[in-house]
Number of protein chains: 2
Amino acid sequence: MRFLHTADWHIGKTLNEFSLLEDQQAVFAQIEQIAQREQVDAVVVAGDLYDRSIPSEAAVKELNGMLRRLNLTDHFPVLAISGNHDSATRLSTGADWFARSSFYLNTDLASAFTPVTIKDTQFFLLPFFGIQAVRNYFHDERIKTVNDAMERIVAEMQKAFLADKHHVLVAHFFAAGSQRTADSETLIEVGGLSAVATSLLAPFDYVALGHLHNRNALNEERIKYSGSPLKFSVSEAQQEKGVWLVDTDPFAVQWLPLEPLHDITLLKASFKELMANAKGYPATDFYDIELTDRERIPDVLNKLRTVFPKIVSLHRTHQAQQLALNRQKHRVTESPLDLLADFYSQTLGGKLSPAQYRWAEEALTEATKEEQ
Amino acid sequence: MRFLHTADWHIGKTLNEFSLLEDQQAVFAQIEQIAQREQVDAVVVAGDLYDRSIPSEAAVKELNGMLRRLNLTDHFPVLAISGNHDSATRLSTGADWFARSSFYLNTDLASAFTPVTIKDTQFFLLPFFGIQAVRNYFHDERIKTVNDAMERIVAEMQKAFLADKHHVLVAHFFAAGSQRTADSETLIEVGGLSAVATSLLAPFDYVALGHLHNRNALNEERIKYSGSPLKFSVSEAQQEKGVWLVDTDPFAVQWLPLEPLHDITLLKASFKELMANAKGYPATDFYDIELTDRERIPDVLNKLRTVFPKIVSLHRTHQAQQLALNRQKHRVTESPLDLLADFYSQTLGGKLSPAQYRWAEEALTEATKEEQ
């Protein structure tokens, strides 16, 4: 069978004060066209359908419209899970009715172990989870880390594997393999607290991930982030956005790019150069502007806005260098938990107890939940 | 056919700081039992399913569970509309999937004119509406009052009437007949701004209303408020709560009371008497206490709470008399719009223009939206 893998729609997200609904509609229309043209047997959405746990009414209307279109108008089976940005409870409204028309929306750990079978493939829909939920589900307090949790989850899923089917996991978490690149260092070491080792995911023929917005975050043939369908921050300005088209038999995976309605462009130049060359840039696009000038320019943001109406950030080369230097000095090379343990022993002269360790770990997971 | 008429569930409502979820579960269980025992062909819920436009996660979970149970487990057709307390957009999530299993949830004026037919009856599901929405729908700025609006709405619905069917309207608004009693005076004169005349509803065989929590708010044979299934405030302490069981052929309507898990009781006595007789009252019930003492009693609320843990209001006879006197002085006998018009002419010396009148009317409707 053939399915489309997308994730991190973040419906309702704004870029600074600018609504992205129109941009999200435009990439959704392309996703729908791809699904139709490629005659997929299912559309997978790997979490973070909304941008926040209590989405705006406009976002609710928009997402409902998109899902209705895919499932009720176009008759595609839809396989979706809740991400860390979604409220599992709120998102689950209607899920029992959805399933009757092959729209499988899972927001609940317990339901992850009952696969949805479409043609030759069993799909396991694992929503974003906290470690405590996994401990509760298995009644096992020995589950301490996200890797302990995933080991148990995968073993439990394997019990339902049918030998004549392919097995696909749909999930929403940080995953990290051995290919740690310079770029992902911060992620691994700070966010590493909750990184799932890709080796644990080996039993699956394909893992459709959501959470990281960069489709290149992992370098694995069968474990992939689709990334977000749209650039959601300046840090994503140079990423190519798109969806994966996955065939199960024979296995094949293909990247299909999406065209944004308005791009995010990084500009680095002097004020004079920018004002002189503005005509070369679409006024409706989003801009991150780095000014190379050293002198003060009065009312510079408003002046730039006359030619670049949608500036999402404005900074100075000179200041930026200063900031980069500061960051270097305080560079984080240890995990937050290690830092906390050091601080504890330096100030109180003892080690964290196992209970304190677990408490700190949960608090940190909670605190980083909405980071990505 | 036979249907059950209920309304104003207000799932998520609290009575002071006390959650009512358990109480709401208990009356829901009775509603479900009645539906089963009486073998109804449909369950009508006439608006205000939630207590607020953004319900808590607990409320979302609770209402979803109840509707799932009625519709998917028990297989009752369910006919529901949004009330003024619901967010039409949020509540409508999943509605297109619901309709496929005979759960008709209408939150949209435009859909009110397409009846749902069950056996011998056409049901018209009219959600809570603002006058501007009716003007927009009919492209007619001459619609000024809620009665203008209802006249147009009913006429439009009648176009879809089939002669061999019965016709039931499900709606959520203030309705007022000619039977103005002393009790409902405030309602008619202050809330009267948006009261629909019952005479406009004559074309229907039955009108299943929500909005007012007292089933005796109207004295009409075929136009009824079911009231809320539970007492939601001290002012409802003496109302009997229940549901209507309606037969269409031959027409018959029957009141079936519901038993609250915890009642609201009004107590009027001295502090001494209350403490002495506390054992006669269930500790888990809710109490409104009027103290007849004249002297100050230190820490009186905490002392009373040792025997009546769930006090929802505490007041003094002496103070109450004083307050009643003040109310008398400023008694409202004119509608808010009339008062505003008087104020305007007294201070600015002119009459409200038609546009100002309309603007004020809309603002008042908006302001009183969540009052009931």
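So, how was this worked out
Residues numbered from 1 in each chain as written. Chains lettered and ligands numbered in written order. Predicted model: local features only at pLDDT ≥ 70, side-chain atom pairs only at ≥ 80, totals over all residues. Heavy atoms only, no water. UniProt positions renumbered as here; feature names shortened; annotations may be inferred. Helix = DSSP H or I, 4+ residues; strand = E, 2+ residues; numbered from the N terminus. Buried < 20%, exposed > 50% of the residue type's maximum accessible area, 1.4 Å probe, protein only. Contact = heavy atoms within 4.5 Å. Polar contact = N/O pair within 3.5 Å; in protein donor to acceptor, adjacent residues only side chain to side chain. Salt bridge = Lys/Arg side-chain N within 4 Å of Asp/Glu carboxyl O. Nonpolar A, V, L, I, M, F, W, Y, C, P; charged D, E, K, R; others polar. Pairing = 2+ DSSP bridges. Least-squares fit on C-alpha atoms with pLDDT ≥ 70 in both. Phe/Tyr/Trp six-rings, centres within 6.5 Å; stacked < 30°, edge-to-face > 60°. Axes fitted to C-alpha atoms, helices over the stretch in contact; angles between N-to-C directions.

Under an unreviewed UniProt entry, the name given to chain A is Nuclease SbcCD subunit D, and the organism recorded is Limosilactobacillus oris F0423. Database annotation for chain A, UniProt heading Function (unreviewed entry): "SbcCD cleaves DNA hairpin structures. These structures can inhibit DNA replication and are intermediates in certain DNA recombination reactions. The complex acts as a 3'->5' double strand exonuclease that can open hairpins. It also has a 5' single-strand endonuclease activity." According to UniProt, the comment filed for chain A under the heading Subunit (unreviewed entry) is "Heterodimer of SbcC and SbcD."

1. Here's the deal with the environment of serine 19 of chain A
All names here are of chain A. On the secondary structure map, serine 19 appears in strand 3 (residues 18-19). Classification of serine 19 as partly exposed rests on a relative accessible area of 47%. Setting aside residues up to four positions removed in sequence, serine 19 forms contacts with Lys13 and Thr14. Within the structure, the side chain of serine 19 is placed 3.2 Å from the backbone nitrogen of leucine 21, a separation counted as a polar contact.

2. Here we look at the interface of chain B and chain A
Contacts between the two partners involve 22 residues from chain B, matched on the other side by 22 residues from chain A. The tally of links between chain B and chain A comes to two salt bridges. The salt bridge involving aspartate 96 of chain A is made with arginine 68 of chain B; its shortest N-O contact spans 3.0 Å. At the junction of chain B with chain A, the criterion picks out 12 residue pairs in polar contact (both at pLDDT 80 or more). Among the elements that make up the side of chain B that touches chain A, the one with the highest residue count is helix 2 (residues 57-73) of chain B (eight residues). For the side of chain B that touches chain A, the class distribution of residues is eight nonpolar, eight polar and six charged.

3. Details of the pairing of strand 14 (residues 242-248) of chain A
Residue and element names in this part refer to chain A. Across the seven residues that make up strand 14, a large majority, seven, are buried. As defined by bridge partners, strand 1 (residues 2-6) adjoins strand 14 across four bridges and the pair is classed as antiparallel. When the sheet's bridge partners are listed, arginine 2 is paired in strand 14 with aspartate 247. The antiparallel hairpin formed by strand 14 and strand 15 (residues 251-257) contains two residues in its connecting segment.

4. Quick look at the relation of the copies chain B and chain A
The relation between the two chain copies is a rotation about an axis coupled with a shift along that axis. With an RMSD of 0.1 Å, the operation that places chain B on chain A is a rotation of 180° combined with a shift of 0.1 Å along the axis. Classification of the inter-copy transformation places it as that of a two-fold axis. Considering only C-alpha atoms, the part of chain B nearest the rotation axis is glycine 94 of chain B, at 2.5 Å. A share of 100% of interface residues in chain B that are also interface residues in chain A marks the association as one of identical surfaces.

5. Considerations on the packing of aromatic side chains
Enumeration according to the criterion identifies 36 aromatic pairs over all chains in this entry. Ring geometry for phenylalanine 3 of chain A against tyrosine 206 of chain A: centres 5.8 Å apart, planes inclined by 65°, an arrangement best described as edge-to-face. Linking phenylalanine 3 of chain A in strand 1 with tyrosine 206 of chain A in strand 12 (residues 206-210), this pair joins segments that are 203 residues apart in sequence. Exposure remark for tyrosine 206 of chain A: the relative accessible area of 1% places this residue in the buried category. Their ring planes at 40° and their centres at 6.2 Å tell us that tyrosine 206 of chain B and phenylalanine 251 of chain B sit as a pair that is tilted. Remark: phenylalanine 251 of chain B occurs in strand 15 (residues 251-257) and tyrosine 206 of chain B occurs in strand 12 (residues 206-210); sequence separation between them is 45 residues.

6. Concerning the sheet that holds strand 6 (residues 103-106) of chain A
All names here are of chain A. Strand order in this open sheet of six strands is 6-5-4-1-14-15, and the pairing throughout is mixed. The open sheet has two edge strands, strand 6 and strand 15, and neither has a second partner. Sheet twist, expressed as the mean angle between neighbouring strand axes with direction ignored, is 20°. Sheet strands in contact with helix 1 (residues 21-37) are strand 1, strand 4 (42-45), strand 14 and strand 15, and its direction is about 165° off that of strand 1. The sheet strands contacting helix 2 (residues 57-73) are strand 4, strand 5 (78-81) and strand 6, and the helix crosses strand 5 at an angle near 145°.

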